[in-house]
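Coordinates in review
So you can see what is in the structure, the chains are spelled out below.
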Amino acid sequence: MTAVPAGSALVRFEDVGLGYGGLPVIEKLSFAVAKGDFVGIVGPNGAGKSTILKAMLGILRPARGAVVYEAEVHRELRFGYVPQRHTLDHIYPLSVRAIVGMARYARAGLVRRPGPADDLAVARALEAIDIVDLAERRFAELSGGQRQRALIARALATGANFLVLDEPTDGMDLKSTHGILGLVRRLHRDEGLTVVFVSHQLNEVANYVDRLLVIDEGRYHFGPVDEVLTADHLRRIYQVPVVVETVAGASVVVVPR
Amino acid sequence: MLQYGFIRTALLGTTAIGVVCAYLGVYVVLRRIVFVGATMAQISSAGIALGILTGWSPNAWSVGLTFLAVLFFAHPSFGKRWPQDATLGVLFTVSGAAAVLLVAHTARGNEEVVHLVQGNLLAMTAAEARWLALAFAGILAVHLAFFKEFLYLSFDPTMAATQGYRAGRWNLAFYVLLGVGVALAIKAIGILLMFAFLVIPASLGLVLTRRLGGVFLIAMAAAAVAVYLGIGLSYRYDFPSAPMIIAVLGGLLGIAAAWRALRRPRTG
């Protein structure tokens, strides 16, 4: 079910089991992300989407199976992680520039302060996301969409070539959601970034990504959007009757009354 | 009052403790672990009480017990299997009661309990004050050297972990430095003032400025000013020093909050 030929994947989940404190969240998960992929991971809250991201980023060790990074690309693999924005406490009086600048701390090394090259990388990231005017604003004062843009800029400032976004549109209105999805698609297309994007809104993601990993209660399916987004597959995964319609050129998943 | 050696000693020791605790307090408030700080202080006082009872190094007992607490608080499972505030509540009350019970039948039982809570700044010896100043300067130096690491790991440990930082170890380092600071401070200045230094100056900084650097500077300056004014007022009007320093800190925070409220644009 990996749909990526051996040798061409950046990261490959091989029969992976994930969980916390002995409690399994995901079992026997196998899929792979190739260079240049735009993958959406979709499922309800608590299905284990963020857990998959943590395993992909190497900060959660699988209980079973293995997360394999292709040896020849591993050296060039630079993850840029965009966390769920509500996990960051707004009590910190930090400007957007300061938060984006954190992306450069690891490169600067222990004790050393970031230098001019780091300042330049931060300036470029702010420019790429078009939030130069927000640079000196406090993170807490921003709207949800602006905060999300700041976090994407921070991910870019790491020098990332693999963007991993955890529910970036959660709780946003239609306009902001469209704006963020459009921005991520532009980064994928113009900057050549590999993107993995998590959401619990199937309709929101399906029309932007190339491939989908849909998970629910331990069941999952991974493949190109056309293949996964069929009534049969979705019915099997979600265990409810599902209709897939095309409206104005976009696929829409509906549960009939 | 500066003509008296014991007052100069108290000023040196208490300012060193106050300024560094105010710095650490900015993290305590931002990380929303104020009650962790209070519980740590209470556990530390139980250690001192154990030292008084056994007649063997209250500081060592205090640091030892606080270190055990630090290992517990920094453990990744802390607050996950059982509500964090309930655990802290249990530790706070039990260690507080233990501290009182342990010294209750010693020669100066009640007096010791009062000292644990209120401290006795003016009884600080010159050697003690120099040693405290050195120890707290060391804690501050480590924090300043690793400023960006402590800030990053406090604000977004997950993102930091994706960049190779060992979030668990940095968290432990943070708690160890805090624990050592709390344990050393308690015997000299008491639980009440120690806790006030952790919470009030940082809150004052957050009320007055929107820049993190400014918050640290205001917090440290407020602690130093409060120590000087508090000891001065207690000398002038014959009040206990530690509560007077806390009163000054509370007063400064009240003035700052009022000033901030007056400056806030009216709505509606």
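Residues numbered from 1 in each chain as written. Chains lettered and ligands numbered in written order. Predicted model: local features only at pLDDT ≥ 70, side-chain atom pairs only at ≥ 80, totals over all residues.

Attention now moves to the overall build of chain B. Along the backbone of chain B there are eleven helices and zero strands. Taken from the N to the C terminus, the helices and strands of chain B come in the order α-α-α-α-α-α-α-α-α-α-α. For 268 residues, the compact-globule estimate of 2.2 N^0.38 gives 18 Å, and the C-alpha radius of gyration of chain B, at 19 Å, lies within 12% of that figure. Across the 268 residues of chain B, 48% fall into the buried class. (Helix = DSSP H or I, 4+ residues; strand = E, 2+ residues; numbered from the N terminus. Rg over C-alpha atoms; globule rule 2.2 N^0.38 Å. Buried ≥ 20, exposed ≤ 12 C-beta atoms within 10 Å, placed from the backbone.)

All names here are of chain A. Pairing is mixed across the open sheet formed by six strands, whose spatial order is β5-β6-β7-β3-β8-β9. If you trace the sheet from one side to the other, it starts and ends with β5 (79-82) and β9 (219-224), each paired once. Neighbouring strand axes in the sheet, compared pairwise and without regard to direction, differ in orientation by 10° on average. Sheet analysis places strand β3 (residues 38-42) next to strand β7 (residues 194-199), joined by five bridges and oriented parallel. Considered in β7, the bridge of V39 is made with V196. Docked against the sheet, helix α6 (residues 144-157) engages β5 and β6 (162-166), running at close to 165° with respect to β5. Sitting on the sheet, helix α7 (residues 174-190) is in contact with β3, β6 and β7, with an inclination near 160° to β7. (Pairing = 2+ DSSP bridges. Axes fitted to C-alpha atoms, helices over the stretch in contact; angles between N-to-C directions. Contact = placed C-beta atoms within 7 Å.)

All names here are of chain B. Look at helix α7 (residues 147-155) against helix α9 (residues 167-208): their axes get within 10 Å of each other, and the N-to-C directions meet at 110°. Our classification of the angle between α7 and α9 gives roughly perpendicular. Read as a crossing pair, α7 and α9 show a hand that is left-handed. Note on element contacts: α9 touches α7 through A167, W170, N171 and F174, opposite E149, F150 and L153. (Parallel < 35°, antiparallel > 145°, perpendicular 65-115°, else oblique. Left-handed = near helix turned anticlockwise from the far one by under 90°.)

Burial within helix α1 (residues 49-56) of chain A is extensive, with seven of its eight residues counted as buried. G58(A) occupies a position one or two residues after α1(A) and carries a positive phi of about 85°.

All names here are of chain B. Along the polypeptide, A133 turns up in helix α6 (residues 126-145). For the pair A133 and V248, spaced 115 residues apart in sequence, the C-alpha separation works out to 22 Å. The residues contacting A133, other than those within four sequence positions of it, are L12, G13 and A16.

This paragraph deals with the sheet that holds strand β1 (residues 9-20) of chain A. All names here are of chain A. The antiparallel open sheet is built from three strands, whose spatial order is β2-β1-β4. At either margin of the open sheet sits one strand with a lone partner, and together these are β2 (23-34) and β4 (64-69). Between one strand axis and the next, the sheet turns by 15° as a mean value, whatever way the strands run. Pairing of β1 with β2 involves eight bridges; the strand directions are antiparallel. Bridging from a neighbouring strand, G19 pairs with P24 of β2. Those strands touched by α1 are β1, β2 and β4, and its axis lies near 125° from that of β1.

This part is about the packing of α6(B) against α9(B). Residue and element names in this part refer to chain B. At a minimum axis distance of 11 Å, the contact between α6 and α9 shows a crossing angle of 160°. Considering their axes alone, α6 and α9 lie roughly antiparallel with respect to each other. Where α6 crosses over α9, the handedness of that crossing is left-handed. Residues E128, L132, A135, F136, I139, V142 and H143 of α6 form the contact with α9, whose own contacting residues are L177, V180, G181, L184 and A188. Residue composition of the contact of α6 with α9, by class: nine nonpolar, two polar and one charged. (Nonpolar A, V, L, I, M, F, W, Y, C, P; charged D, E, K, R; others polar.)

Looking now at the confidence of the model for chain A. Low pLDDT marks stretches whose predicted atomic positions should not be read closely. Taken over all residues, the pLDDT of chain A has a mean of 87, while the share at 70 or more is 95%. Of all helices and strands in chain A, the one with the weakest mean pLDDT is helix α2 (residues 71-74) of chain A (60), whereas helix α3 (residues 96-101) of chain A scores best (96). (pLDDT = per-residue confidence, 0-100.)

Turning to helix α4 (residues 84-104) of chain B, a few remarks are in order. Residues and elements named next belong to chain B. Between its first and last C-alpha, α4 extends 30 Å over 21 residues, near the 30 Å set by a 1.5 Å rise per residue. For α4, every residue scored as buried is listed here: L88, L91, S95, G96, A99, L102 and V103. Taken around the axis of α4, the buried residues stretch over an arc of 135°, which confines them to a single face. Facing away from the buried surface of α4 by more than 90 degrees, the exposed residues are A86, V90, T93 and A97. (Expected span 1.5 Å × (residues − 1). Arc of directions from axis to C-beta.)

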